[in-house]
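Residues per chain, in single letters:
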Amino acid sequence: VTASPALQTRPATALQPSASVAPSAAPTVSATAVPTPVPTPVPAPVVATQSFGSGGSGWTVEDVRYGTQPNGDLWIVTDFSGGSGEPRATASFSDPTTLDVTLAGAAESGLSPGTGGIVTKATVTSTGSTVKLVFDLSKAVTLKNGSYTPQDSSNPYPLHLILDVG
């Protein structure tokens with residue numbers, strides 16, 4: 001009788017990769033670049049600066065008044081006393097509803113312009129012989145004309161600057 005060979009059992013071996021495989025890194029999220037805002041350009045004046053007067057001196061701004069004309073335009077009238085020649089006036093719009101008027105060759109003393117017509121606010125500042133008036137308006141207008149006129153029977157002051165806005 002021959003002996004049968006004994007069956008030998010071997011432990012099962014797991015399959016091993018032939019090369020080391022490292023786990024892949026987690027995906028990275030990259031931030032999208034935020035665009036740099038483009039600065040807003042400063043708007044140009046609504047209309048070009050207009051100038052009036054020959055460049056006189058020694059004037060005092062006494063009053064600012066308003067009058068609505070039959071065609072609907074507003075006249076802004078600045079009354080002056082003393083002085084010679086005509087103060088150099090420049091007028092421009094810093095935005096569609098703000099009229100800036102600078103008077104070189106003039107001074108003021110406690111001037112407090114009121115409101116009227118489309119003028120909702122008026123302010124005055126002065127330095128030396130320069131007065132700056134700023135008129136806030138209730139609607140956009142243009143400066144149609146400006147001129148100096150001499151004393152007339154309606155007002156005791158010897159000189160008036162009339163600005164026609166509409």
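Keep in mind it's a predicted model, so treat the numbers as computed, not measured. (Residues numbered from 1 in each chain as written. Predicted model: local features only at pLDDT ≥ 70, side-chain atom pairs only at ≥ 80, totals over all residues. Heavy atoms only, no water.)

1. A word on the pairing of strand β9 (residues 143–152)
Item 1. Here β9 runs beside strand β10 (residues 155–165); their pairing, made up of eight bridges, is antiparallel. Its bridge partner lying in β10, Thr149 is registered against His160.
Item 2. Between the end of β9 and the start of β10, which pair antiparallel, lie two residues. (Pairing = 2+ DSSP bridges. Helix = DSSP H or I, 4+ residues; strand = E, 2+ residues; numbered from the N terminus.)

2. Section: the sheet that holds strand β8 (residues 130–137)
Item 1. Across the sheet, five strands lie side by side as β1-β4-β5-β8-β7; this open sheet has antiparallel pairing. Two strands close off the open sheet at either side, each with one partner strand: β1 (50–52) and β7 (119–127). Across this sheet, the average inter-strand angle for adjacent strands is 20°, counted without regard to direction.
Item 2. Of the strand pairs in this sheet, β1 and strand β4 (residues 88–95) are connected by three bridges, and their pairing is antiparallel. For Phe52, the partnering residue across the bridge sits in β4 and is Ala89. (Axes fitted to C-alpha atoms, helices over the stretch in contact; angles between N-to-C directions.)

3. Regarding the pattern of salt bridges
Item 1. All told, the structure shown has two salt bridges when counted by the stated rule.
Item 2. Among the salt bridges present, the one from Lys144 reaches Asp73, with a minimum N-O distance of 3.0 Å. One end of the pair, Lys144, is in strand β9; the other, Asp73, is in the loop between β2 (59–68) and β3 (74–81), with 71 residues separating them in the sequence.
Item 3. Lys144 sits in the partly exposed class, given a relative accessible area of 47%. (Salt bridge = Lys/Arg side-chain N within 4 Å of Asp/Glu carboxyl O. Buried < 20%, exposed > 50% of the residue type's maximum accessible area, 1.4 Å probe, protein only.)

4. Some details on the environment of Gln69
Item 1. Its location among the elements puts Gln69 in the loop between β2 and β3.
Item 2. With a relative accessible area of 22%, Gln69 lands in the partly exposed category.
Item 3. Separated by 97 residues in sequence, Gln69 and Gly166 have C-alpha atoms that sit 9.7 Å apart.

5. Here we look at the side chain of Asp164
Item 1. Secondary-structure assignment places Asp164 in strand β10.
Item 2. Comment: no salt bridge for buried Asp164; closest opposite-charge side chain is Lys144, at 5.6 Å.
Item 3. Each residue touching Asp164, except ones within four places of it in the same chain, is listed here: Asp73, Leu74, Trp75, Thr142, Leu143, Lys144 and Asn145. (Lys, Arg positive; Asp, Glu negative; His and termini not counted. Contact = heavy atoms within 4.5 Å.)

Treat this as a map of the structure, not an account of what it does.
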